[in-house]
Amino acid sequence: MIRSVPRSRLFDGLYLAYLVAFFVYLALPLLVTAAFAFNDSPFPSLPWQGFTLDWYLADGVEGRTGLFHDDSLLGALWVSTKIAFWVTLGSVALGCVNAVLFERLQFRGKEFLYLLMLLPLVIPGVILGVSILVFYSGTANEVSRLWGIELDIFRPGMTLVVMGQVTFITTLATLVIGARLRKFDPQLEEAALNLGATPLVAWFTVTLPWLLPSIFGAAAMAFLMSFENFNTTVMLTGSDTPLTVALFNRLREGSTPVLNAVALFLMAVSGLLAMLTLRQNRGS
Amino acid sequence: MKSSASRLSLWLLLTPFLLWIVLLVLVPHIQMLRVSFQVRESWDTLAWGLEQYQNFFTESYYWRTFVRTGVMSLFTTFLTLLVAFPIAWYIAKMARGRSKGVLFLACLIPFWASELVRTYGWMILLRESGLFSSWLQALGWADGPVEMLYNDVAVIIGLVYNGLLFMVVPLVTTLDGMDENLVEAGYDLGGGHATVLREVVVPWAMPGIVSGCIVVFMLTLGSYLTPVLMGGKDSAWFTEQIFTQFITRFNWEQGAALGVLLLVLSSVMVWLGLKLSGQSLRKVMG
């Protein structure tokens, strides 16, 4: 069923209807979530009561607290941002090193190590979280029991969350950066070396600029994936809850339009980040 | 001199990789396996034993949920493939120029939102006070509020929604590379739609199908938010039990055993998928 094969009009109509239905299915949940962020009613449901910005701006005086005055949500947003920053830094740095390792060097056991590198992708996120919790937190408990030394950084909290997320985001960063490095023409680097550059100078002036778009792409992806992650994060989080966990706890108490407001805010931020990355990639 | 310099650079690059894979993946998983075989005799003494695994097989609630989760994940994966294939085909083979890129980007839109936000959107649509219920009443098709949330159908709708992107992208990528002459030749040689699909298109798209299915299956099996928030009392998910053991009961040994079982299930399914389709992990993922 390609363009050059004749088709009946009925088939075309059905196909088109299916496409439309599909994209409605994709967009509907997000559209309604966004719309109810502005409904002037304490519940995110019909009927429509009119437009309001209360769910962003209200300061709690009339019993409504908007997102920008909700200290616990803003705190959670800040925790998530800090986590995402460290995860991005760690996984992109590791991703660069891994990409060079697997694309440019030849060594024994490379095939096996490459499979190990892919491993985090086929382990469910819950299990990644659980295993890191069991090992690090368990070790901290043992050390405390045997020698009375408190290894607080290995207790559930921000460090463990960052470690858990870096585990699988590094694999994705490696794949993104590695795919770009594969297309690099090594002769360019050789030319730089022939012209008298040291390997380090050649790397920073020739190879790295070539990789830059993929590094930005990987960074944007890492940031978003870290920000949105729930399954690994929830096992490892301590008292400073990140946003997804805070939203989940709120949602179990009951839904309010503030949740819609946060959701729309998050969509806007990710959309912006995605757009910037696309533009960046198109520019080069 | 040259060889010692290249050795040095190899080790410089290998060390971060090894630290990452050993400290964050291998050692924690080995420890999880070890803990799952430990039985707590008193507050500070442990013995080796199979108690946790025995619990799994004797308490029907555990293994029933396990089987249920596996079967529902398989079904969801299959359904996602069915839903995504015509879309991927349209984007790869029927759309032209600009509309191709636009449609492809449109498929990515749901992933501007996290799983939590997507699930929340479905809850607003499907619940008793939700939009579908209001619309049905407004149209006069229902007399009172209709509850469409908290059942298995709702869970599957949500899970398919979560998986779609990971199915569409690999399918579009492989179908894009297919020569349309192959399809035409299939028709010229007298094949019908079904024959061409079975003999030409599906074999060509196999790497994409396998990689999409593996990712969707893994995501579905390991998902937590969608089944917990959209499922009813009877639609327990296996990840939920792992969370319960760790977070509410503090029974790490049992939780670790359940975790190992889930990991075994997902590894076996991935391995089977690769074997049956004759693909390798490297080709499918890397």
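Throughout, a residue's number is its position along its own chain's written sequence, starting from 1. As a convention, the first chain written is A and the first ligand written is 1, with the rest following in written order. pLDDT decides what is reported in this predicted model: residues at 70 or higher carry local features, side-chain atom pairs at 80 or more are listed and counted, and totals for whole chains, interfaces and linings draw on all residues regardless.

Which residues make up the overall build of chain B, and what are the values?
Of the regular secondary structure elements, chain B holds 13 helices and two strands. Atoms considered for the radius of gyration are the C-alpha atoms alone. The globule rule reads 2.2 Å times the number of residues to the power 0.38. In terms of overall size, chain B is more extended than a compact globule, its C-alpha atoms giving a radius of gyration of 24 Å where 286 residues would be expected to give roughly 19 Å. Projected onto its principal axes, the C-alpha positions of chain B cover 80 × 70 × 35 Å. Going through the 286 residues of chain B one by one, you find that 41% of them count as buried. Sequence separation of 24 or more characterises 68% of the internal contacts of chain B that already satisfy a separation of 6 or more. Each helix is a run of DSSP H or I of at least 4 residues and each strand a run of E of at least 2, with the numbering of both proceeding from the N terminus. Exposure classification rests on a simple neighbour count of other C-beta atoms within 10 Å of a residue's own: a residue reaching 20 or more is buried, one at 12 or fewer is exposed, and one in between is partly exposed. C-beta atoms are placed from the backbone. Two residues form a contact once the distance between their C-beta atoms, set from the backbone, is within 7 Å.

Explain the overall build of chain A to me, using residue names and the numbers behind them.
Counting its regular elements, chain A contains eleven helices and zero strands. Going residue by residue from the N terminus, the α and β elements of chain A occur as α-α-α-α-α-α-α-α-α-α-α. Radius of gyration (C-alpha) of chain A: 24 Å, far over the 19 Å computed for a compact globule of 284 residues. Evaluated residue by residue, chain A yields a buried proportion of 39% over its 284 residues. Intrachain contacts of chain A at a sequence separation of at least 6 include 71% that bridge at least 24 residues.

So what about the packing of helix α7 (residues 152–176) of chain B against helix α9 (residues 193–221) of chain B? Which residues, and what values?
All names here are of chain B. Angles shown run from 0 to 180 degrees and are taken between the N-to-C directions of axes, each axis being a line fitted to C-alpha atoms and, for helices, limited to the stretch in contact. Where α7 meets α9, the closest approach of the two axes is 8 Å, and the angle between their N-to-C directions is 160°. The angle between α7 and α9 places the two elements in the roughly antiparallel class. Two packed elements cross with a definite hand, and for α7 against α9 that hand is right-handed. From α7, Leu159, Asn162, Gly163, Phe166, Met167, Pro170, Leu171, Thr173, Thr174 and Leu175 reach across to α9, where they touch Ala205, Pro207, Gly208, Ile209, Ser211, Gly212, Val215, Val216, Leu219 and Thr220. Split by residue class, the contact of α7 with α9 holds twelve nonpolar, eight polar and no charged. What sets the label is the angle itself: under 35 degrees gives roughly parallel, over 145 gives roughly antiparallel, 65 to 115 gives roughly perpendicular, and the rest give oblique. Here a crossing is taken to be left-handed if its near helix is turned anticlockwise relative to the far helix by less than a right angle, and right-handed if that turn runs clockwise. Gly is placed with the polar residues, together with every amino acid not listed as nonpolar (Ala, Val, Leu, Ile, Met, Phe, Trp, Tyr, Cys and Pro) or charged (Asp, Glu, Lys and Arg).

An account of the interface of chain B and chain A is requested, with residue identities and associated values reported.
Contact residues are listed per partner, giving 66 residues for chain B and 68 residues for chain A. In terms of residue count, the dominant contributor to the side of chain B that touches chain A is helix α1 (residues 2–36) of chain B (15 residues).

Residues and numbers for the packing of helix α1 (residues 9–35) of chain A against helix α5 (residues 115–126) of chain B, please.
Taken N-terminus to C-terminus, the directions of α1(A) and α5(B) make an angle of 85°; their axes are 8 Å apart at the nearest point. Taken together, the axes of α1(A) and α5(B) are roughly perpendicular relative to one another. Between α1(A) and α5(B), the contacting residues are A:Leu28, A:Pro29, A:Leu30, A:Val32 and A:Thr33 on the first element and B:Val117, B:Arg118, B:Tyr120, B:Gly121, B:Trp122, B:Ile124 and B:Leu125 on the second. A class-by-class count of the residues in the contact of α1(A) with α5(B) yields nine nonpolar, two polar and one charged.

Quick rundown of the nonpolar core? Include the residues and the values.
The term nonpolar core refers to a group of buried residues, namely Ala, Val, Leu, Ile, Met, Phe, Trp, Tyr and Cys, whose C-beta atoms join them within 7 Å. Grouped together as the largest cluster of nonpolar side chains are 141 residues, with contacts concentrated most on A:Val130, B:Ala88 and B:Val168. Other than its neighbours up to four places away in sequence, B:Ala88 contacts B:Val168, B:Leu171, B:Val172 and B:Leu175.

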